[in-house]
Amino acid sequence: MSTDNDTRETTDGFHLVLDALKLNGLDTIFALPGIPITDLTRMAQREGLRVISFRHEQHAGNAAAAAGYLTGKPGICLTVSAPGFLNGLTALANATTNCFPMILISGSSEREIVDLQQGDYEEMDQLAIAKPLCKAAYRVLHAEDIGVGIARAIRSAVSGRPGGVYLDLPAKLFAQTMDAEAGRRSLIKVVDPAPRQLPAPDAVQRALDLLKTAKRPLILLGKGASYARADDEIRALVEKTGIPYLPMSMAKGLLPDTHEQSASAARSYVLEQADVVMLVGARLNWLLSHGKGKTWGAGHGPKQFIQIDISPTEMDSNVRIDAPVVGDIGSCVAALLAGIGSQWPKPPAEWTSAVSERRTKNIAKMAETLAKDPKPMNFHSALNVVRDIVKANPDAMLVNEGANALDFTRSIVDMYKPRKRLDVGTWGVMGIGMGFAVAAAVESGQPVIAIEGDSAFGFSGMEVETICRYNLPVCVVIFNNNGVYRGTDVNPKGGPDVAPTVFVKDARYEKLMEAFGGVGVYATTPAELRSGMEEAIRSRRPTLINAVIDETAGTESGRITSLNPAAALKK
Ligand SMILES: Cc1ncc(C[n+]2csc(CCOP(=O)(O)OP(=O)(O)O)c2C)c(N)n1
Ligand SMILES: [Mg+2]
């Protein structure tokens, strides 16, 4: 059996899994132990892997997904069978939707019993359940196939469009033994797991030809562009063409939000007016109103789209793509840059000055709002503080979830560096907060600021214990407005139950952090919030600031009120 060095003669499933991960540079596991993987977590730690143990699998899964996005290597989540697996599955599906590479490794029960449905401990056909919710799903039945299983999982997670992969490891596999040397030879160090995919030269030329005809061009950067790690090339593309750009939420900071070509403060104007739009790693899904309708200036004349994406089937998903450029974003942008050369004509000044005029006006208007000091504190006056703190700490990671707490933060807090912002992503899902915060701290070593709606925080709140246990430099700021969207709803029947969107008023969330040895701060003014955040960043101690926000300040669903179906009967 195993020893500390390579002299062992026999190996087993446990060690082969760990050796295969290590061989591929996967050195961190986000886990929750139990049958049959408890020993795997212990052995992983003994073998020098970092094991971050969570209180609920969904957050371990979210951490793995965020780690995948931040490192470009698949994040590893390890769970027990059936219920543990299901708890992790939400994160796996969310990772796949967000195109974050992760591998959910789950122990499972005995195949023979599961397949005959004879009622095993935690019986469930996990592979079948996982399959439609992720990019690929594999099961390994024999120790000698572990190397191949992990190699396939890695390739599936990171090549092409990244996503979630499920790897099913039945309990019996772990105890299987084989000759150590044969075991070593069975492992695969994956060569070039995410191969470059070069765009076709004629596709690049078509895109450039179209871009050249534009009178009101716009570049739209998505989180695919951030993930691509082609930061310098993307910046060069924006600056050499002189085209205004809009970053999607997680592309903020790819270029600093203060960049003069950023059209964020003139978003509705540019979406409505642009005639040629170049999408870089951004999908025309609901977050972009599917590329059509009022947002896109229906009636303002036709729009033409250039789309850069690694997935050919993304093209025409919602509207016609006039110039598809399929390949990895780094290669596509490099090819476009080569074609652009140094003589590229700037967009008509009429367009760029119209954009910048609106931008200046809106920024000034926002500055006025931010300068106000209402009592009680509202989203704006609180975010004015967060904005300053992020500006002073541009390397800090920002995690963000909620409705109003999300939307206001996204528009008010400027980001200065790529891949610093992690949020609810494509699904707008609540519950990513503490899992993402843990991964951000573990993978970057930087201070993490998590701006959380009070409802949003509740989904993963117990992981503050995890944050304290690993002593992570996470500063959680809860925007506490007593509920979902607002704290002001009342029960129309007047009974003892409060309205469905309302929580316990003036809840003392900071005491949760104190319970585990972290720092709790109760902040009712911007000054208290500022000193709490400054101290958290300076000390790197786990901190939770309960920022009390005017309970009337929010709007229904934040910025997406219109997605709520309207009742036909108004009563
Ligand atoms: C998993 C999941 N469940 C429910 C929702 C619906 N939802 C959207 S935002 C939100 C919470 C908003 O309240 P809060 O986090 O307090 O933010 P606020 O608007 O009050 O700042 C909920 C429950 C969701 N997006 N995801
Ligand atoms: Mg709230």
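Here the structure is a predicted model, which means the values were calculated and not measured.

A.B. asks: So what exactly am I meant to see when it comes to the pattern of salt bridges here?
C.D. replies: A side chain with one charge can pair with a side chain of the opposite charge if their charged atoms come near. Per the counting criterion, the structure on display carries 27 salt bridges. Between D388 and R530 there is a salt bridge, with its nearest N and O atoms 3.0 Å apart. Taken together, the residues D388 in helix α16 (residues 379-392) and R530 in helix α22 (residues 526-539) connect sequence positions 142 residues apart. For D388, a relative accessible area of 32% gives the class partly exposed. A residue is classified by how much of its surface remains accessible, and R530, at 27% relative accessible area, is partly exposed. One salt bridge in this structure joins E465 and R469, with 2.8 Å as the shortest N-O distance. Residue E465 and its partner R469 are both found in helix α20 (residues 464-469); the two are separated by four residues, about one turn of the helix. For E465, a relative accessible area of 14% gives the class buried. The class for R469 is partly exposed, based on a relative accessible area of 37%. Salt bridges sharing partners connect three or more residues here, namely R111, D115, D125, R139 and D168.

A.B. asks: Help me understand the site of ligand 1, please; the structure alone is not making it clear to me.
C.D. replies: Lining the immediate environment of ligand 1, one finds 17 residues, of which N404, G428, D454, S455 and A456 sit closest. N481 is positioned such that a nitrogen or oxygen atom in its side chain is 3.0 Å from an oxygen atom of ligand 1. At a separation of 3.1 Å, an oxygen atom of ligand 1 approaches a polar backbone atom of Y485. Its free accessible area being 590 Å², ligand 1 has 76% of it covered by the protein chains. Taken together, the elements giving at least two residues each to the shell around ligand 1 come down to α17 (404-412) and α19 (454-460). For the shell around ligand 1, the element with the most residues is α19, which contributes four residues. By residue class, the composition of the shell around ligand 1 is nine nonpolar, seven polar and one charged.

A.B. asks: Would you take a moment to explain the coordination of the magnesium ion (ligand 2) for this structure?
C.D. replies: Geometry reference: four tetrahedral donors at a metal, ideal angle 109.5 degrees. Six octahedral donors, ideal angles 90 or 180 degrees. In the first shell of the magnesium ion (ligand 2), the protein supplies D454 (OD), N481 (OD1) and G483 (O), at 2.0 to 2.1 Å from the metal. Donor residues for the magnesium ion (ligand 2), ordered by position in the chain, follow D-x26-N-x1-G. Here N481 lies in the loop between β17 (474-480) and α21 (510-515) and D454 lies in helix α19, a separation of 27 residues in the sequence. A relative accessible area of 4% means that N481 is categorised as buried.

A.B. asks: Would you mind going over helix α15 (residues 349-371) with me for this structure?
C.D. replies: Since one α-helical turn is 3.6 residues long, residues separated by three or four positions face the same way. Here α15 is 23 residues long and its end C-alpha atoms lie 32 Å apart, about the 33 Å a rise of 1.5 Å per residue gives. Taken together, the buried positions of α15 are W351, A354, V355, R359 and L370. Looking at the buried side of α15, the elements it contacts are β9 (217-221), α13 (267-273), α16 and α17.

Quick notes on the rules
Residues numbered from 1 in each chain as written. Chains lettered and ligands numbered in written order. Predicted model: local features only at pLDDT ≥ 70, side-chain atom pairs only at ≥ 80, totals over all residues. Heavy atoms only, no water. Salt bridge = Lys/Arg side-chain N within 4 Å of Asp/Glu carboxyl O. Helix = DSSP H or I, 4+ residues; strand = E, 2+ residues; numbered from the N terminus. Buried < 20%, exposed > 50% of the residue type's maximum accessible area, 1.4 Å probe, protein only. Near = heavy atom within 4 Å. Polar contact = N/O pair within 3.5 Å; in protein donor to acceptor, adjacent residues only side chain to side chain. Areas by Shrake-Rupley, 256 points an atom, 1.4 Å probe, with all protein chains shown as cover. Nonpolar A, V, L, I, M, F, W, Y, C, P; charged D, E, K, R; others polar. Donors = N, O, S within 2.8 Å, 3.2 Å for Na, K, Ca; no water. Expected span 1.5 Å × (residues − 1). Contact = heavy atoms within 4.5 Å.

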